[in-house]
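Reading the structure
Residue strings, one per chain:
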Amino acid sequence: MDLAIGRDRELRQRARAVIPGGMYGHLSVGLLPDDYPQFFQRGEGAHLWDADGRKYLDFMCAYGPNLFGYANPEIDAAFVRQLGQGDTLTGPSPLMVELAEALTGMVAHADWAMFCKNGTDATSMALTLARAHTKRRVVVRAKGAYHGAAAWCTPRPAGVIETDRAHQLFCDYNDVESLEAAVVEAGDDLACIFAAPFRHDAFVDQAEPDPAYARRARELCDERGALLVVDEVRAGFRLSRDCSWSRIGVAPDLSTWGKCLANGHALSALLGNDKARAAADSIYVTGSFWFQAAPMAAALETLRLVRETDYLERITALGERLRSGLAERAAAAGFGFRQTGPATLPLFLFDDDPDLRKGFCFSSEMLARGVYVHPWHNMFLCAAMTETDIDFALDAAEGAFAALKRQAPSLPPVEKLAFLTAGAR
């Protein structure tokens, strides 16, 4: 079924004339099945409508920002109220102080907060701050981990020069020996260790953090006088009401936040402890729209819901319901179907599927049945989802597995993902 028709196809043609590549960044569907829509006209709760009016139960949640539902009435009302009073002003509104107080009251390691717009803003600010604090250069981070789209960390190197990537060393996530070796190589020039809350690299199975790895990262930073940074941009508030590594008893010096912080309104944050306060005060970071009041109003309401509702328990239970139901249906259809990562941020991959042809077919069949899943990126659950939604997704999956079983023997290679198997030839 070709969903890229009508209005979506027209918009793609127009976009190619005025937008490089027709679309760019992580919202481009260039590496998704050909029937995936590029443009959407609205969202409500857990659902999206594409430019041609087709409705989907959305397990991407805008790649994370949707935590309490698209167009959440309470959060959006707070945004609109503040918008009527003032948003981008000559100085920040009092809400900035209230929001910093709210976050430092919720996140145990945090003594202060700074605000920006995107996750990349926050991670780049954290790197700058760590170098200012230590007067050193080297950052150690895990191979394949995503920390944003700035030159120092973008996964695509076009236009990036060697000096943009200088002073970085890499380790394997959850490999203590690899981490220690990178720190030894950094020597007296170690500024910080960056860590994701769990391994959520694209195209490969996810992994929870090994407590021994997290503890060793903390110890190494303390031994070397470096800062530990946990990048919460993707996972923040979907695993804990605190920093995600609080679940394993490890507190970072800095944490970066974004995506669901204001339930889709543009806001991100860098939180830090008093050890890093003087350095935070010394760096110059800013943006014309970083201090907007309306997104901060939305964030305050989002944080109220984080504190006062059982959203986390509910989305965790829904994620487990989805996981067990999919496992049963995949097994019944005879497929090895791997579900990795936290239940609230799942990733689906098939066994014996190096170029993801099974994953592409399954995802397209789910889409045709009104469920938007992703074949190689982690997904997200939101608090607007219900048991009825999960059961709808499971019914769709039963049909999708059956369709895949019929088509699997004759599925062609996925040419757009040939790079996944190029090294194996």
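A brief report on the enclosed structure follows.

Rules of the game
- Residues take numbers from 1 onward in each chain, read along the sequence in its written order.
- The model is predicted, so local features are restricted to residues of pLDDT at least 70 and side-chain atom pairs to those at 80 or more, both for listing and for counting; the totals for chains, interfaces and linings are taken over all residues.
- As a rule here, side-chain values cover all heavy atoms of the structure and leave hydrogens and water aside.
- Secondary structure follows DSSP: runs of H or I at least 4 residues long count as helices, runs of E at least 2 residues long count as strands, and numbering of each begins at the N terminus.
- Throughout, radius of gyration means the C-alpha value; the globule benchmark is 2.2 Å times the number of residues raised to the power 0.38.
- Each residue gets one of three labels from its accessible area relative to the maximum for its type: buried under 20%, exposed over 50%, partly exposed in between, using a 1.4 Å probe on protein chains only.
- Two residues qualify as a contact provided that any one of their heavy atoms is within 4.5 Å of a heavy atom in the partner residue.
- Counted as positive: Lys and Arg. Counted as negative: Asp and Glu, with His and the chain ends omitted from the count.
- Where a charge lies is defined by one atom per residue type, namely NZ (Lys), CZ (Arg), CG (Asp) and CD (Glu).
- The aromatic pairing rule takes the rings of Phe, Tyr and Trp, using the six-membered ring of Trp, and pairs them if the centres are within 6.5 Å, calling planes under 30 degrees apart stacked, those over 60 edge-to-face and the rest tilted.
- Charge over a ring is defined by NZ of Lys or CZ of Arg lying within 6 Å of the ring centre and within 35 degrees of the ring normal.
- The rule for pairing is simple: two strands pair if DSSP sees at least two bridges between them.
- Interaxial angles span 0 to 180 degrees and are taken between N-to-C directions of axes, which are lines fitted to C-alpha atoms, for helices over the stretch in contact.

1. Quick word on the overall build of the chain
- When its secondary structure is counted, the chain shows 11 helices and 13 strands.
- A compact globule built from 425 residues would reach a C-alpha radius of gyration of about 22 Å, and the chain, at 22 Å, matches this within 12%.
- Projected onto its principal axes, the C-alpha coordinates of the chain cover approximately 60 × 55 × 45 Å.
- Considering the chain as a whole, with its 425 residues, one finds that 57% of them fall into the buried category.
- For the chain, the share of sequence-separated contacts (at least 6 apart) that also reach a separation of at least 24 residues comes to 75%.
- If you average the places of the 44 positive and of the 55 negative side-chain charges in the chain, the two averages end up 3 Å apart.

2. What about the packing of aromatic side chains?
- For the coordinates displayed, the defined rule picks out 18 aromatic pairs.
- Seen in terms of ring centroids, phenylalanine 203 and tryptophan 376 are 4.4 Å apart; in terms of plane orientation they differ by 20 degrees. Their pairing is stacked. Note that phenylalanine 203 is positioned in the loop between strand S7 (190-195) and helix H6 (211-224) and tryptophan 376 in the loop between strand S13 (371-372) and helix H11 (387-407), a separation of 173 residues in sequence.
- Site record: aromatic cluster; members linked through ring pairs are Phe335, Phe337, Phe348, Phe350, Phe362 and Phe401.
- Across the ring face of tryptophan 49, the terminal group of arginine 42 is positioned such that the distance to the ring centre comes to 3.7 Å.

3. Points about the sheet that holds strand S5 (residues 138-142)
- One open sheet holds the 7 strands; their spatial order is S4-S10-S9-S8-S7-S5-S6, and the pairing between them is mixed. Every other strand in the sheet has two partners, leaving strand S4 (112-116) and strand S6 (168-171) as the edge strands with one partner each. In this sheet, adjacent strand axes meet at a mean angle of 20 degrees when their direction is disregarded.
- Both S5 and S7 contribute to a ladder of 3 bridges, which runs parallel. Bridged to valine 140 within S7 is isoleucine 193.
- Helix H4 (residues 119-134) rests against S4, S5, S7, strand S8 (227-231), strand S9 (254-257) and strand S10 (268-272) of the sheet, and its axis sits at about 150 degrees to S7.
- Sitting on the sheet, helix H5 (residues 176-186) is in contact with S5, S6 and S7, with an inclination near 160 degrees to S6.

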